[in-house]
There are 2 protein chains.
Amino acid sequence: MIIDCHGHYTTAPKALEDWRKRQIAGIQDAALMPAASDLKISDDELRESIENNQLRLMKERGSDLTIFSPRASFMAHHIGDFAVSSTWAAICNELCFRVSQLFPAHFIPAAMLPQSPGVAPATCIPELVKCVEQYGNVGINLNPDPSGGHWNSPPLSDRSWYPLYEKMVEYDIPAMVHVSTSCNDCFHTTGAHYLNADTTAFMQCLTSDLFKDFPNLRFIIPHGGGAVPYHWGRFRGLAQELKKPLLADHLLNNIFFDTCVYHQPGIDLLTKVIPLKNILFASEMIGAVRGIDPETGHHYDDTKRYIEASTIVVGDARHQIYEANARRVFPRLDAALKRKGL
Amino acid sequence: MIIDCHGHYTTAPKALEDWRKRQIAGIQDAALMPAASDLKISDDELRESIENNQLRLMKERGSDLTIFSPRASFMAHHIGDFAVSSTWAAICNELCFRVSQLFPAHFIPAAMLPQSPGVAPATCIPELVKCVEQYGNVGINLNPDPSGGHWNSPPLSDRSWYPLYEKMVEYDIPAMVHVSTSCNDCFHTTGAHYLNADTTAFMQCLTSDLFKDFPNLRFIIPHGGGAVPYHWGRFRGLAQELKKPLLADHLLNNIFFDTCVYHQPGIDLLTKVIPLKNILFASEMIGAVRGIDPETGHHYDDTKRYIEASTIVVGDARHQIYEANARRVFPRLDAALKRKGL
């Protein structure tokens, strides 16, 4: 089985975007604020948006199951207050849940949280509980910068995050650490902010003792870990200067990297430098980079091709990256599969 | 000849740091503000600080000449106002100039600028002129985020930077795009902020048409280009989505990467992915990562070893990375060497 641990619902029917625009207008003028129930998307519309897009590509490329969460750039936690984020998260999570019900063999949901700048992360717990208990979510996306590029929240090691971590540990679910749209002109969203956030989150973990407090907490750093594997020597050296244990002991029981790196040499470096047990297959397909690479004739985000062409990821290692690591990092996914006899 | 294009005066006599502390105290209480002339460092002290440190390692490792600029983390443009930065930059640049006079065969200076948050970059031109005309500086360090991690200045493509670029083009000097200390708790200075800034600066250039306006402007992106080479496919794909030319045409006549990547697989990726004409040898020695790598028994920042062990950088390519590219990107360095018959 090939599990793609990083898929977003980037192809939701346009009604979703329209509703969001009305919600944003409603922040300024309460008379314009739509009710959640104003959004009407039929099962047929959902089916069509998936069958023609993600599911078509999954079949073409040969992946089986996607851990599916709301569109990352649309989370935009910086817009409005907690109530705005709360309604928006509930709507987006419900859609991903419905997709998972329509295509249970191919999609399993992960939740976005109703984060809001300056609001305690603990406020996200009720949405998380609902998503896990009622919707069968197997993970969450955690935004380390709900400001959207101003980075004025405390680092991930801050105790304000701890109530959320406690709930994650209780449910045994990991978080993908994933920012949303940048509203800072300095940072291009997918070309700078995403990668910077990955590097930043890793370093926040490195400088802290977060995983001493939470030995079972697990983070997936997406986009191949930002700059981290490329600078693995730098990070090993920095840990050494900071008198931290070896990274293998300090971080690699808790931190995992996905394979959203869109060229062969990048995947080769990732799989050479990072232990294979810490790498989870992912494509973030129909995401940041949707084109065809003229150098290969294939889609940049068809990351399975890079794994197939790898001389490092062979034999059992392929099974690890495609399936076994995801089952280990997402135990609720594993349990859901086992309930189906898979 | 082996030219290291990225060295900072990280080992300056402690009197410099003491003076800076007094200057910072003077921001709150003008009575405490020291005069520039209060700082007294003798030539012998300068010699000692270099001979026992950078020069010793250069000889041990086998590099010949370092392009030498003030300590990056000490620039701290976010501290005080333009007057504070101005005095501080003048002091730091003078010290690097004096080092270059004491060791003319081994050090040639590059200048820091007296940037200050919210102050027009054009205000830095007089210091730049002095450093080029009187001190023989062959390049500058340009801080894309003088706030120190708050990123509230306009991107490098903004017209407010243009007067500085015009002066750079007039003098035919490149800039290394290098941030300073992070005063944002989210960003570790050398583990996150530096690398993020590299990626951010590259993407600011990618999304803009800066090099159409300045075909002869040249930037060196340090630390191996941050996350860029590792995600080269992503950046090629993003340029494609943005309808920009191929990166080779759009950016690679103007952007160069140094070799401050502290492990073999990173250097191997860099040299595989980025054209060799765009790579300049550098170590940033006695910088962010000063330890010995237990996996190799050698200093992490002894980057020459990675080049020597490369199966890609062989024959003439080695000469390109060690010397020829630096002479081309820093024409004033080339001219200075030629004046000495080198």
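Look up a bit, the structure's there.
Residues numbered from 1 in each chain as written. Chains lettered and ligands numbered in written order. Predicted model: local features only at pLDDT ≥ 70, side-chain atom pairs only at ≥ 80, totals over all residues. Heavy atoms only, no water.

Participant: Sorry, what's going on with the sheet that holds strand β6 (residues 175-177) of chain A here?
Facilitator: Whether parallel or antiparallel, the strands of a sheet pair through hydrogen bonds between backbone atoms. Residues and elements named next belong to chain A. Pairing in this open sheet of six strands is parallel, and the strands run β4-β5-β6-β7-β8-β9 from one edge to the other. Bordering the open sheet on either side are β4 (111-112) and β9 (279-280), each of which pairs with just one other strand. Note: strand β5 (residues 140-142) against β6, three bridges, orientation parallel. Paired with L142 across the two strands is V177, which belongs to β6. Relative to the sheet, helix α7 (residues 162-171) contacts β5, β6 and β7 (219-221), its axis offset from that of β5 by approximately 160°. Running at roughly 140° to β7, helix α8 (residues 189-207) makes contact with β6, β7 and β8 (255-258) of the sheet. (Pairing = 2+ DSSP bridges. Helix = DSSP H or I, 4+ residues; strand = E, 2+ residues; numbered from the N terminus. Contact = heavy atoms within 4.5 Å. Axes fitted to C-alpha atoms, helices over the stretch in contact; angles between N-to-C directions.)

Participant: So what exactly am I meant to see when it comes to the environment of G118(A) here?
Facilitator: Residues and elements named next belong to chain A. The residue G118 is located in the loop between β4 and α6 (125-133) in this model. Given the relative accessible area of 82%, G118 is considered exposed. For G118 and F235, which are 117 residues apart along the polypeptide, the C-alpha to C-alpha distance reads 30 Å. (Buried < 20%, exposed > 50% of the residue type's maximum accessible area, 1.4 Å probe, protein only.)

Participant: Just to check I follow, could you spell out the interface of chain A and chain B for this structure?
Facilitator: Often, the extent of an interface is quoted as the loss of accessible area upon association of its parts. With 56 residues of chain A in contact, the opposing surface of chain B contributes 56 residues. A buried area of about 4,600 Å², summed over both sides, lies between chain A and chain B, and 58% of it is on carbon and sulfur atoms. Contact with chain B buries surface across chain A, with C186(A), Y230(A) and R234(A) losing the most and accounting together for 19% of the total. For the pair chain A and chain B, the interface holds four salt bridges. Counting residues per element, the ones that place at least two in the side of chain A that touches chain B are α8, α10 (232-241), α12 (264-273) and β10 (292-293) of chain A. Here the side of chain A that touches chain B gets 11 residues from one element, more than from any other, and that element is α8(A). For the side of chain A that touches chain B, the residue count by class is 28 nonpolar, 21 polar and seven charged. (Buried area = accessible area lost by both parts, 1.4 Å probe. Salt bridge = Lys/Arg side-chain N within 4 Å of Asp/Glu carboxyl O. Nonpolar A, V, L, I, M, F, W, Y, C, P; charged D, E, K, R; others polar.)

Participant: What's the story with the relation of the copies chain A and chain B in this structure? I'm lost.
Facilitator: Superposing chain A onto chain B takes a rotation of 180° plus a shift of 0.0 Å along the axis, which leaves an RMSD of 0.0 Å. On this basis, the relationship between the two copies can be described by a two-fold rotation axis. Looking at the rotation axis and the C-alpha trace of chain A, the residue lying nearest is A227(A), at 2.1 Å. Interface overlap between copies: 100% of the residues of chain A at the interface are likewise at the interface in chain B, consistent with a symmetric, same-surface contact. (Least-squares fit on C-alpha atoms with pLDDT ≥ 70 in both.)

Participant: Looking at this structure, how should I read the packing of aromatic side chains?
Facilitator: Between two aromatic rings, the relevant description is the distance of the centres plus the angle of the planes. Residue and element names in this part refer to chain A. For the coordinates displayed, the defined rule picks out 32 aromatic pairs over all chains. Arranged with centres 6.3 Å apart and planes meeting at 5°, the rings of W19 and W88 form a pair that is stacked. In this pair, W19 is assigned in helix α1 (residues 14-28) and W88 in helix α5 (residues 82-102), connecting sequence segments 69 residues apart. The same class applies to W19 as to W88, namely buried. (Phe/Tyr/Trp six-rings, centres within 6.5 Å; stacked < 30°, edge-to-face > 60°.)

Participant: I tried to follow the side chain of D302(B) on my own but got confused; where do I start?
Facilitator: The topology assignment puts D302(B) in the loop between β10 (298-299) and α13 (303-309). A distance of 2.9 Å separates polar atoms of two side chains, one belonging to D302(B) and the other to R305(B). (Polar contact = N/O pair within 3.5 Å; in protein donor to acceptor, adjacent residues only side chain to side chain.)

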